[in-house]
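# Structural description and commentary
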Amino acid sequence: MHPHVPRTDARGPGQQRPDPPAAPAAPAAPGLRVAYVLKRYPRLSQTFVLNEMLELERQGVEVVVIARDGSGEALAHPATKRLRARVHVLRELEPREEQWDDVTAALLRALRVDHVHAHFATWAAGAAMRAAQRAGIPYSFTAHATDIYRDTVDTGALVERMAGASFVVTVSECNRRHLDGLLDDAGRSGRVVRLYNGLDLERLTPAAGARTPGLVVAVGRLIEKKGFADLVEATRLLVVQGSDLRTVIVGDGPDRERLAAQIARAGLHDRVELVPALAQDEVLALIGSATAFALPCVIGADGDRDGLPTVLLETMAVGTPAVSTTVAGVPEMIQDGVSGLLVGQRDPAALAGALDRLLASGALRERLAAGALAAMHERFSICRNVGGLAAEFAAAATAGATPVAA
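We now turn to the structure provided with this report. Every chain is numbered on its own, with residues counted from 1 as its sequence reads. For a predicted model such as this one, the threshold for reporting local features is a pLDDT of at least 70, and the threshold for listing and counting side-chain atom pairs is 80 or more; totals across whole chains, interfaces and linings nevertheless cover every residue. In computing side-chain values, all of the structure's heavy atoms are included and hydrogens and water are not.

Another aspect to go through is the nonpolar core. Note that soluble globular proteins tend to have their nonpolar side chains buried in a common cluster. As used here, the term nonpolar core means buried Ala, Val, Leu, Ile, Met, Phe, Trp, Tyr and Cys residues forming a set that is joined through side-chain atoms within 4.5 Å. The buried label applies to any residue whose accessible area, calculated with a 1.4 Å probe on protein chains only, is under 20% of its type's maximum; exposed applies above 50%, and partly exposed to all values in between. Membership of the largest hydrophobic core comes to 65 residues, with the highest contact counts inside it found for Ile 249, Phe 293 and Leu 355. Residue contacts follow a heavy-atom distance rule, with two residues in contact if any of their heavy atoms lie within 4.5 Å. If we ignore the near neighbours within four places in the chain, the residues touching Ile 249 are Ala 218, Leu 222, Phe 228, Leu 231, Val 232, Val 272, Glu 273, Leu 274 and Val 275.

Structure representation (structure tokens):
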């Protein structure tokens with residue numbers, strides 16, 4: 001059994017183009033040059049980083065990438081070809097890890113970088129902090145979820161990075177409260193800004209063409225926090241009830257064998273398919289062909305959880321109604337019954353009930369898809385959200401580096 005990945009245009013004949021987001025204001029600081037420090041680049045699972053850099057370039061900010069390593073992946077997002085930024089890989093420039101901070105600082109000075117930004121509050125934020133301080137320029141970083149919630153997070157180091165930063169971005173209000181609480185508990189000050197990930201809503205629009213009846217799609221790394229074991233069980237419950245559905249789960253990860261064994265035990269080999277990671281255009285086409293999308297996020301045993309899953313934003317943008325859970329920032333994306341359906345985590349029966357409602361009612365699917373698209377334009381336009389980030393970069397560069405505390 002193989003998923004049919006349709007080739008579709010972003011808009012079909014006669015399909016009305018949604019109103020575009022407002023054009024961004026002129027760049028807050030002409031000639032602003034920002035270095036992005038990343039652990040690996042490019043990463044297929046981190047399209048939000050690529051989208052952000054592309055939009056910064058579109059808005060007139062010059063971007064430089066400094067990565068510890070290359071991707072190490074066979075697939076790359078095709079949009080990487082559109083990024084103009086030069087990529088510097090530390091492991092290729094200097095084999096001695098103890099020299100990487102000095103190499104990065106020298107690059108920042110040589111390239112006349114105005115501001116340094118990192119994604120993820122762990123290695124990348126630490127490297128950005130040390131190199132920026134050595135180069136005498138300000139830094140910031142974006143905190144997501146696994147980097148701030150897992151029980152392995154070094155809270156002391158995280159607080160130190162936040163306190164030294166010009167500002168910290170995080171992707172949900174839930175995260176912002178958590179990070180502010182860490183600063184308060186440590187008696188430190190720092191500025192944490194909630195800034196949602198966004199999508200280019202001119203490029204990504206509701207899918208045209210017929211959808212496959214009974215097709216439920218899920219996409220993500222095969223790890224505990226995605227909740228795919230609950231989706232397999234929900235599919236089993238629906239099959240027992242006589243529902244004619246097929247579930248396709250796209251992704252790679254350490255839980256593949258466990259999920260495959262669960263599917264085999266349940267006798268669902270003809271109802272649930274595990275598909276290896278696909279290129280981004282294939283993923284979007286598959287989501288756009290589905291009757292429903294499911295991402296039953298859970299909080300993992302180690303505290304890990306999703307912050308603001310980009311694949312849910314993509315699903316909302318292409319017009320596929322989604323079912324997810326009330327974990328972390330998901331309720332900030334989906335309003336239950338308005339722009340999607342939400343259930344409690346680790347509740348396969350509730351998940352099955354929500355999917356059954358979607359599969360049974362075309363009117364409900366249409367209403368939720370319209371609500372999701374409205375939410376995307378209201379809160380998740382990359383044009384507007386990255387415009388706010390560019391303004392933060394410009395203000396930080398103008399203010400200069402925060403002195404290192406004695």
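Now for helix H8 (residues 228-240). Helix and strand labels come from DSSP, where a helix needs a run of H or I of at least four residues and a strand needs a run of E of at least two; each type is numbered from the N terminus. The length a helix should cover is 1.5 Å for every residue beyond the first. Along its 13 residues, H8 runs 19 Å from first to last C-alpha, staying within 8% of the 18 Å computed at 1.5 Å per residue. Regarding H8, the residues found buried are Phe 228, Asp 230, Leu 231, Val 232, Ala 234, Thr 235 and Leu 238. Against the buried residues of H8 lie strand E8 (215-219), strand E9 (246-250), helix H9 (256-265), strand E10 (272-275), strand E11 (292-295) and helix H13 (348-360). Once H8 ends, the next one or two residues include Gly 242, with phi positive near 95°.

What follows deals with the pairing of E9. Taken across its 5 residues, E9 has 4 buried, putting it largely inside the fold. For a crossover, the right-handed case is the one in which the path from the first strand over the helix to the second runs clockwise, viewed with the strands pointing away from the viewer. The handedness of the E8 to E9 crossover, carried by H8, is right-handed. As paired elements, E9 and E10 share 4 bridges and run parallel to each other. Note on E10: the bridge partner recorded for Val 250 is Val 275. Strands qualify as paired when DSSP identifies two bridges or more between them.

Taken in spatial order, the 6 strands of this open sheet run E10-E9-E8-E11-E12-E13, and their pairing is parallel. One side of each edge strand has no neighbouring strand; the edge strands of this open sheet are E10 and strand E13 (341-343). Looking at each pair of strands side by side, their axes are set apart by 25° on average, direction ignored. Pairing between E8 and E11: 2 bridges, direction parallel. From the neighbouring strand, Val 216 faces E11, where its bridge partner is Ala 292. Angular values range over 0 to 180 degrees, each being the angle between N-to-C directions of two axes fitted as lines to C-alpha atoms, with helices fitted over their stretch in contact. This element, helix H10 (residues 280-289), spans E8, E9 and E11 of the sheet and lies at about 145° to E8.

Note on aromatic pairs: the rings of Phe, Tyr and Trp (six-membered ring only in Trp) are paired at centre separations within 6.5 Å, and the planes decide the class, stacked below 30 degrees, edge-to-face beyond 60, tilted for the rest. Tallied over the full model, the rule gives 4 aromatic pairs. Plain terms: the ring middles of Phe 167 and Phe 393 are 6.1 Å apart, the flat faces sit at 40° to each other, and that makes the pair tilted. Of the two residues, Phe 167 sits in strand E6 (residues 167-170) while Phe 393 sits in helix H15 (residues 382-399), which places them 226 residues apart along the sequence. This pair shows no difference in class: Phe 167 is buried, exactly as Phe 393 is. Grouping aromatic residues by their ring pairs yields a cluster made of Tyr 36, Phe 167 and Phe 393. A cation over a ring is seen here: Arg 68 above Trp 123, with NZ or CZ 5.7 Å from the ring centre. Directly above the aromatic system of Tyr 196 lies the positively charged group of Arg 194, at a separation of 4.2 Å from the ring centroid. Counting as a charge over the ring demands two things of the Lys NZ or Arg CZ atom: a distance within 6 Å of the ring centre and an angle within 35 degrees of the ring normal.

Before going further, it helps to examine the packing of helix H1 (residues 47-58) against H15. Running from N to C, H1 and H15 point in directions that differ by 75°, and their axes come no closer than 9 Å. With respect to each other, H1 and H15 are oriented roughly perpendicular. Counting all contacts with H1, which are made through Asn 51, Glu 52, Glu 55, Leu 56 and Arg 58, the residues of H15 involved are Ile 382, Cys 383, Val 386, Leu 389, Ala 390 and Phe 393. In terms of residue class, the contact of H1 with H15 is made up of 7 nonpolar, 1 polar and 3 charged. Any angle that falls under 35 degrees is termed roughly parallel, while one over 145 is termed roughly antiparallel, one within 65 to 115 roughly perpendicular, and all others oblique. Here the nonpolar group is Ala, Val, Leu, Ile, Met, Phe, Trp, Tyr, Cys and Pro; Asp, Glu, Lys and Arg are the charged ones; every other residue, Gly included, is treated as polar.

Another point: the sheet that holds strand E7 (residues 192-194). A sheet is described by the order of its strands in space; here 7 strands give the open sequence E3-E2-E1-E4-E5-E6-E7, paired in parallel fashion. Looking at strand neighbours, the two that pair on one side only are strand E3 (87-89) and E7, the edges of this open sheet. Across the sheet, the mean angle from the axis of one strand to that of its neighbour is 25°, orientation sign disregarded. Most of the contacts of helix H6 (residues 155-164) go to strand E5 (residues 139-143), to which it runs at about 130°, and overall it touches E5, E6 and E7.

What follows concerns the side chain of Ser 243. Following the sequence through the fold, Ser 243 ends up in the loop between H8 and E9. Looking at Ser 243, the relative accessible area reads 14%, which means it is buried. Beyond its immediate chain neighbours, meaning those up to four positions away, Ser 243 contacts Leu 238, Arg 271 and Leu 359.

Attention shifts here to H13. Between its terminal C-alpha atoms H13 stretches 18 Å, which fits the 18 Å expected from 13 residues at 1.5 Å a residue. Check the buried side of H13 and you find it contacts E8, H8, E11, strand E12 (322-325), E13 and helix H14 (362-379).

Next up on the list: empty space enclosed by the protein. A 1.4 Å probe that fits but cannot get out identifies a cavity on a 1 Å grid over protein atoms alone, an open set with protein on both sides within 12 Å along at least five of seven lines counts as a pocket, and a residue lines either if it has an atom within 4 Å of a point. Grid points are joined across faces, edges and corners, and a volume is the space filled by probe spheres set on the points. Summed over the entire model, instances satisfying the criterion amount to 4 cavities of 30 Å³ or more. The space that makes up the largest cavity amounts to roughly 110 Å³. In this structure, the largest cavity is lined by 13 residues; those nearest its centre are Glu 52, Tyr 196, Asn 197, Gly 198 and Val 386. Listed by contribution, the elements that provide at least two residues to the lining of the largest cavity are H1 and H15. Among the elements that make up the lining of the largest cavity, the one with the highest residue count is H15 (4 residues). Each residue belonging to the lining of the largest cavity can be placed in one class, and the counts come to 8 nonpolar, 4 polar and 1 charged. When its volume is computed, the second largest cavity comes out at roughly 70 Å³. As for the second largest cavity, its lining consists of 11 residues, and the residues nearest its centre are Tyr 41, Pro 42, Arg 43, Gln 46 and Val 49.

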